[in-house]
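# Close look at the chain arrangement
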Amino acid sequence: MNNRRTFFKTAGAAFLGVAAVSKAGAALLPEAEVRTSAATLPPPPPPTGRPFQPLVTLNGWSLPWRMKDGVKEFHLVAEPVVREIAPGMTARLWGYNGSSPGPTIEAVEGDRVRIFVTNHLPEVTTVHWHGILLPSGMDGVSGLTQPPIGVGKTYMYEFVLQRPGTFMYHPHADEMVQMAMGMMGLFIVHPKDPRQFRVDRDYGFLLNAYDIEPGSATPRVNTMTEFNLWTWNSRAFPGIDPFVARTGERVRIRVGNLTMTNHPIHMHGPHFEVTGTDGGWVPKSARWPEVTTDIGVGQMRAIEFDALAGDWTIHCHKSHHTMNAMGHNVPTMIGVDQRDLARRITRLIPDYMAMGERGMHEMAEMEMPIPDNTLPMMTGSGPFGPVAMGGMFSVVKVRDDLARGDYRDPGWYRHPAGTLASEYTAELPETPRAAAPEADADTLQIRKPGGHAGH
Ligand SMILES: [Cu+2]
């Protein structure tokens, strides 16, 4: 869904501020493009200005600009938005131009950018350009480098992009609330020479997190660490689009972390290299191969790999970050015989269901009754059954026969003959065992206490 709204023809208000936009100037503001869909929208090649290879924002889009006397003009509108986290759940968030995260801003090293920020939130805001070298007065820190942008007001930021890299934008006013509500976006500065740091596919997303009570839609904004929805660009699995590539292509994935904890991002299949950090690009001689890279709070990492055919999972390696809300306080019941207990509870609560006696996989297979507007804790299905995941989880889908620039989901991988794990039914060789006491009935009767803190 791509629609346009013009705020300034009807607003008719005076626009004040340090970089004040005058009443006459307001009529000349670039149009604020608005998009509310959560589909990945690969942007077209840049229509004006220096050439670059556009970023593909995962479940997102890039903000169009207007060239005015050699300056790239963008218009961000901070406003309440409705975001589908995954099919079956929408959240009431704050964002920019109809979406959370806001649209990706893309420009080129050496560009002068002018960014108008209009505040349609019920409180003041600012925008901080995280990681970008700029004059102190453009840094967007409320109270320190500028007055806050009042409700209904528009501010103007203007600076020259000095270094290429992966950056972010987010408020620096009532920051805890506004980031907990989803206000953030990517800011990509492409190199002046498009052959530099060239890849075939360039993806990007932000790590974010929400605390949304099951059955409700608005995040709790005073949560410090106990978030219950772990998202990429405000989407949770199975709502996160796959990363698509053709075999042999060089693929880059840029990740920024605006949650309140670190995320070890792990990819199956091809090894990758960390090629970019918060401070820019890593020289070739200083890169090292990895399969997991930990992304700290406020950090950015760009990873690159040569695509190998297959369906390769990419996810946060904290296992509770690949789950959606609920079930957090369920005690470990593995090995606990609940039959007698269930019989007694059923006399009081007829719908009671004993769970987890043989692990939690069964929960992914059954249709659990959950409140409205709530995602199942572990869900999603693949060609072989339930995937039993949620949160920060997606799939890198690499195929031999994809066209260049085709970002459509190619479906499930067709494994070549002899390359697929399968059930073995013939006689087994003798199994070596460690010389340890065997688990007996007592070992299996341990019931761990529920609840935890500080993750
Ligand atoms: Cu994580």
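What you see is a predicted model; the values in this text were computed from it and never measured. Sequence order as written defines residue numbering, which begins from 1 separately in each chain. Reporting in this predicted model follows two pLDDT cut-offs: at least 70 for local features of residues, and 80 or more for side-chain atom pairs to be given and counted; totals over whole chains, interfaces and linings ignore these cut-offs and use all residues. Processing note: side-chain calculations cover all non-hydrogen atoms of the structure and skip hydrogens and water entirely.

### Thoughts on the overall build of the protein
By definition, any uninterrupted DSSP run of H or I lasting at least four residues is a helix, any uninterrupted run of E lasting at least two residues is a strand, and each is numbered from the N terminus. For the protein, the count of helices and strands is six helices and 26 strands. When burial is assessed residue by residue, the protein has 49% of its 455 residues classed as buried. Once local pairs closer than 6 in sequence are excluded, the contacts in the protein between residues at least 24 apart make up 74%. Counting every atom, the protein has about 21900 Å² of accessible surface; 56% of that belongs to carbon and sulfur. Buried, partly exposed and exposed residues are distinguished by accessible area as a fraction of the type maximum, computed with a 1.4 Å probe on protein chains only: under 20%, between the cut-offs, and over 50%, respectively. Contacts are residue-level and defined by heavy atoms, with any inter-residue pair within 4.5 Å sufficient. Here, Shrake-Rupley sampling with a 1.4 Å probe gives the accessible areas, and only protein chains in the shown set may cover a residue.

### A look at the coordination of the copper ion
Within the protein, the copper ion binds to His263 (ND1), Cys316 (SG) and His321 (ND1); these donor distances fall in the range 2.0 Å. Note that water is not among the atoms used; donors are N, O and S atoms within 2.8 Å of the metal (3.2 Å for Na, K and Ca), so sites may look incomplete. Read N to C, the donor residues that coordinate the copper ion are spaced as H-x52-C-x4-H. Within this pair, whereas His263 is found in strand 17 (residues 263-267), its partner Cys316 is found in strand 23 (residues 310-316), the two being separated by 53 residues in sequence. Given the relative accessible area of 1%, Cys316 is considered buried.

### Some words on unusual backbone geometry
Omega for the peptide link from Ser100 to Pro101 comes to 0 degrees, which places this bond in the cis form. Tracing the backbone through its elements, the reader meets Pro101 in the loop between strand 6 (89-96) and strand 7 (105-108). A cis geometry characterises the amide bond from Phe237 onward to Pro238, with omega recorded as 10 degrees. With respect to the element layout, Pro238 can be found in the loop between strand 14 (229-232) and strand 15 (243-246). In the Ramachandran plot, Phe197 falls in the positive-phi region, its phi being about 55 degrees despite a non-glycine side chain. Its place among the elements puts Phe197 in the loop between strand 12 (185-190) and strand 13 (201-210). Despite not being glycine, Ala388 shows a phi value in the positive range, around 55 degrees.

### Some remarks on the pattern of salt bridges
Salt bridges are defined as contacts in which a side-chain nitrogen from Lys or Arg sits within 4 Å of a carboxyl oxygen from Asp or Glu. If you walk through the whole model with that rule in mind, you get 22 salt bridges. Across the pair Arg235 and Glu84 runs a salt bridge, and its minimum N-O distance is 2.7 Å. Residue Arg235 is found in the loop between strand 14 and strand 15, and its partner Glu84 is found in strand 5 (residues 71-86); the two are separated by 151 residues along the sequence. Judged by relative accessible area, Glu84 falls into the partly exposed class, the value being 33%.

### Side note on the sheet that holds strand 9 (residues 128-130)
One open sheet accounts for four strands, arranged 7-12-11-9; its pairing is mixed. With partners counted over all chains shown, the strands left at the sheet margins are strand 7 and strand 9, one partner each. Neighbouring strand axes in the sheet, compared pairwise and without regard to direction, differ in orientation by 25 degrees on average. DSSP-based pairing: two strands are paired if at least 2 bridges between them are found. Structural elements are reduced to axes, namely lines fitted to C-alpha atoms, with helices fitted over the stretch in contact, and the angle between N-to-C directions of any two is expressed from 0 to 180 degrees.

### Description of the sheet that holds strand 15
Read from one edge to the other, the open sheet built from five strands follows the order 15-26-23-17-21, with strand pairing classed as mixed. Every interior strand has two partners, whereas the edge strands, strand 15 and strand 21 (292-295), have only one. Averaged over neighbouring strand pairs, the angle between their axes works out to 20 degrees when direction is ignored. Sheet topology note: the strand 17/strand 23 ladder contains three bridges and is antiparallel. For Met267, the partnering residue across the bridge sits in strand 23 and is Ile314.

### Examining the nonpolar core
Counting 41 residues, the largest nonpolar core has Leu76, Ile105, Ile115, Trp129, Phe159 and Phe187 as the members making the most contacts within it. Put simply, the parts of the chain that give this core at least two residues each are strand 5, strand 6, strand 7, strand 8 (112-119), strand 10 (154-160), strand 11 (165-170), helix 3 (175-180) and strand 12. In terms of residue count, the dominant contributor to this core is strand 12 (four residues). Every residue in contact with Ile105, bar those within four places of it in the chain, is listed here: Leu63, Phe74, Leu76, Ile115, Trp129, Tyr169, Leu186, Phe187 and Ile188. What we call a nonpolar core is a set of buried Ala, Val, Leu, Ile, Met, Phe, Trp, Tyr and Cys residues that are connected through their side-chain atoms within 4.5 Å.

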